[in-house]
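# Close look at the chain arrangement
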Amino acid sequence: MYRDPSARPADPPLSPATLAVGAGRGGEAGDPLNQPPVFASAFRGGGDRGYSRDGNPTWAAFERAMGALEGGAAVSFSSGMAAATALVDDLAEGARVVVARSAHVEVRNLLAERFGRGRLELRIVDAADEAEVRATLAGASLLWLDALSNPTLEVPAIRPLAAAARAAGARVVVDSTLATPMLVRPLSLGADIVIHSATKHIGGHSDLLLGVAVAADPRQAEQLRERRSLHGAVPGTMEAWLALRGLRTLPVRNDRGERTATILAERLAADERVARVRYPGLADDPAHGAATATLDGYGTLLTFTPHGGVAGADAVCEHVRVITHASSLGGVETLIERQSRWHGGDDIAPALLRLSVGCEDPDDLWRDLSSALSGVAPAAAAARISAPSP
Ligand SMILES: *Cc1c(COP(=O)(O)O)cnc(C)c1O
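## A word on the overall build of the chain
- Scanning the chain for helices and strands turns up 14 helices and 12 strands.
- Projected onto its principal axes, the C-alpha coordinates of the chain cover approximately 65 × 55 × 40 Å.
- When each of the 390 residues of the chain is scored for burial, the buried share is 53%.
- Pairs at least 24 residues apart make up 70% of the contacts formed inside the chain by residues separated by at least 6 positions.
- Summed over all atoms, the accessible surface of the chain reaches about 16600 Å², with 52% contributed by carbon and sulfur.
- In the chain, the 39 positive side-chain charges and the 46 negative ones have mean positions that sit 3 Å from each other.

Structure representation (structure tokens):
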């Protein structure tokens with residue numbers, strides 16, 4: 001099996017922003033600065049690579065960079081859900097999984113499906129309630145948390161929860177898709193594995209699907225690599241190359257998005273057309289204290305609920321022109337979506353809108369949002385951006 005010889009943990013003194021730009025490069029004098037995409041299913045015999053389902057130099061460069069950023073050994077997958085599935089499939093038959101209610105809906109669906117088939121025991125907990133999590137951990141094999149949850153924007157106390165899980169003999173997985181390594185490195189807080197849907201902030205341009213799991217223990221990473229080879233949920237070369245290219249600008253995209261998200265959250269909070277705003281960066285947000293304690297920032301996602309119920313929320317999605325009405329998050333372009341169109345549940349208000357803030361000018365975004373909240377046609381200039389070319 002192909003092993004990447006240079007994968008190693010981060011040099012501690014370098015900041016995440018520096019690692020995002022520089023980690024994973026290698027090569028000799030005269031080599032390209034970046035790992036080029038290697039399109040190959042097979043490699044010539046006699047070397048340490050055989051068949052591409054076991055490894056590819058393009059994934060390896062992405063994995064070196066992610067491993068350095070998170071401080072562990074990274075294994076990339078064809079999607080975030082493929083990474084999650086590999087972890088769930090690593091559990092013994094009948095294992096007990098404790099999952100935060102705020103964990104990503106598809107991960108909860110995956111666990112519920114396995115539970116429904118009698119393969120797992122499942123406990124769903126409020127991750128903000130440390131006592132409840134502790135009480136459920138006895139006999140558990142796995143605790144699953146989201147560092148910053150989508151779309152409920154909760155921030156669990158990773159360090160004490162990871163310590164409690166470890167004491168109970170359970171492994172801790174943190175889905176850090178929304179937080180990104182710019183806001184938190186969960187392995188440094190005691191988690192065993194951190195996963196990302198690299199489809200989102202890491203890729204950053206809404207043009208790929210990719211997942212990655214980073215394990216503190218290299219033996220765990222090796223097991224995941226073997227599972228990936230066996231199950232075949234391997235990344236595409238082009239996706240891995242694009243994701244590494246996207247990762248290089250994550251620090252600036254994150255800074256810009258967070259600054260704009262703060263501006264928009266403040267303006268929405270002061271706007272009488274809006275019933276409720278959630279952004280952990282607002283001082284009176286329920287997650288502000290937890291986010292300040294655990295994260296190095298507040299992220300680029302906010303939610304708000306306009307007056308006028310579901311119809312009012314849908315009207316906002318129909319009227320935006322600079323902002324795009326679309327699912328997903330973490331790209332350079334600002335996206336809006338009414339979450340309960342797809343996923344119901346008691347914790348998501350029917351009229352709640354999720355705004356994934358990108359890199360556009362904050363005033364242009366605000367003017368667009370403000371006219372959409374009034375249900376009026378956008379200014380001619382804003383209409384032009386989304387008009388199909390003649
Ligand atoms: C999108 C997402 C996933 C699933 O990732 P895919 O790449 O779509 O398979 C998992 N967790 C979170 C938090 C996500 O936002």
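## Quick word on the pattern of salt bridges
- Per the stated rule, a full pass over the model turns up 20 salt bridges.
- Where arginine 171 meets aspartate 90, a salt bridge forms, and the shortest distance between an N and an O atom there is 3.9 Å. Placement of the pair is arginine 171 in strand β5 (residues 171–175) and aspartate 90 in the loop between α3 (80–89) and β2 (96–100), with a sequence separation of 81 residues.
- For arginine 171, a relative accessible area of 30% corresponds to the partly exposed category.
- Its salt-bridge partner being arginine 227, residue aspartate 90 comes within 3.1 Å of it at the nearest N-O pair. With aspartate 90 in the loop between α3 and β2 and arginine 227 in helix α8 (residues 218–231), this residue pair connects regions lying 137 residues apart in the sequence.
- Judged by its relative accessible area of 19%, arginine 227 falls in the buried class.

## Quick word on the sheet that holds strand β12 (residues 353–356)
- The strand order β8-β9-β12-β11-β10 describes an open sheet built from five strands, whose pairing is mixed. The sheet is open, and its two edges are formed by β8 (274–278) and β10 (324–325), each paired on a single side.
- Here strand β9 (residues 301–306) runs beside β12; their pairing, made up of four bridges, is antiparallel. Within β12, the residue paired with leucine 302 across the bridge is leucine 355.
- The sheet strands contacting helix α10 (residues 250–269) are β8, β9 and β12, and the helix crosses β9 at an angle near 15 degrees.
- The strands that helix α13 (residues 362–373) touches are β8, β9, β11 (335–338) and β12; relative to β9, the one it contacts most, it runs at about 25 degrees.

## Points about empty space enclosed by the protein
- Using the criterion set out here, one finds four cavities of 30 Å³ or more in the structure.
- Here the largest cavity defines a volume of roughly 80 Å³.
- Surrounding the largest cavity, 13 residues form its lining, His201, Arg253, Gly330, Gly331 and Val357 being those nearest its centre.
- When residues of the lining of the largest cavity are assigned to their parent elements, the largest contribution, three residues, is made by α10.
- Per-class residue counts for the lining of the largest cavity are three nonpolar, nine polar and one charged.
- The computed volume of the second largest cavity comes to approximately 40 Å³.
- Looking at the second largest cavity, the residues that line it are Leu87, Asp90, Leu91, Leu142, Arg171, Val173 and Ile193.
- Partitioned by chemical class, the residues of the lining of the second largest cavity number five nonpolar, no polar and two charged.

## Thoughts on the site of the ligand
- Close contacts around the ligand come from Ser79, Gly80, Met81, His104, Asp146, Asn150, Asp175, Thr177, Ser197, Thr199, Lys200 and Leu210, and that covers them all.
- One nitrogen or oxygen atom from the main chain of methionine 81 is found 2.8 Å from an oxygen atom belonging to the ligand.
- Relative to its free-state accessible area of 380 Å², the ligand is covered by the protein chains to the extent of 90%.
- Looking at the shell around the ligand residue by residue, the classes come out as two nonpolar, seven polar and three charged.

Conventions and cut-offs
Residues numbered from 1 in each chain as written. Predicted model: local features only at pLDDT ≥ 70, side-chain atom pairs only at ≥ 80, totals over all residues. Heavy atoms only, no water. Helix = DSSP H or I, 4+ residues; strand = E, 2+ residues; numbered from the N terminus. Buried < 20%, exposed > 50% of the residue type's maximum accessible area, 1.4 Å probe, protein only. Contact = heavy atoms within 4.5 Å. Areas by Shrake-Rupley, 256 points an atom, 1.4 Å probe, with all protein chains shown as cover. Lys, Arg positive; Asp, Glu negative; His and termini not counted. Charge placed at Lys NZ, Arg CZ, Asp CG, Glu CD. Salt bridge = Lys/Arg side-chain N within 4 Å of Asp/Glu carboxyl O. Pairing = 2+ DSSP bridges. Axes fitted to C-alpha atoms, helices over the stretch in contact; angles between N-to-C directions. 1 Å grid on protein atoms, 1.4 Å probe; cavity = no way out; pocket = protein on both sides within 12 Å on 5 of 7 lines; lining within 4 Å. Points joined across faces, edges and corners; volume = space filled by probe spheres on them. Nonpolar A, V, L, I, M, F, W, Y, C, P; charged D, E, K, R; others polar. Near = heavy atom within 4 Å. Polar contact = N/O pair within 3.5 Å; in protein donor to acceptor, adjacent residues only side chain to side chain.

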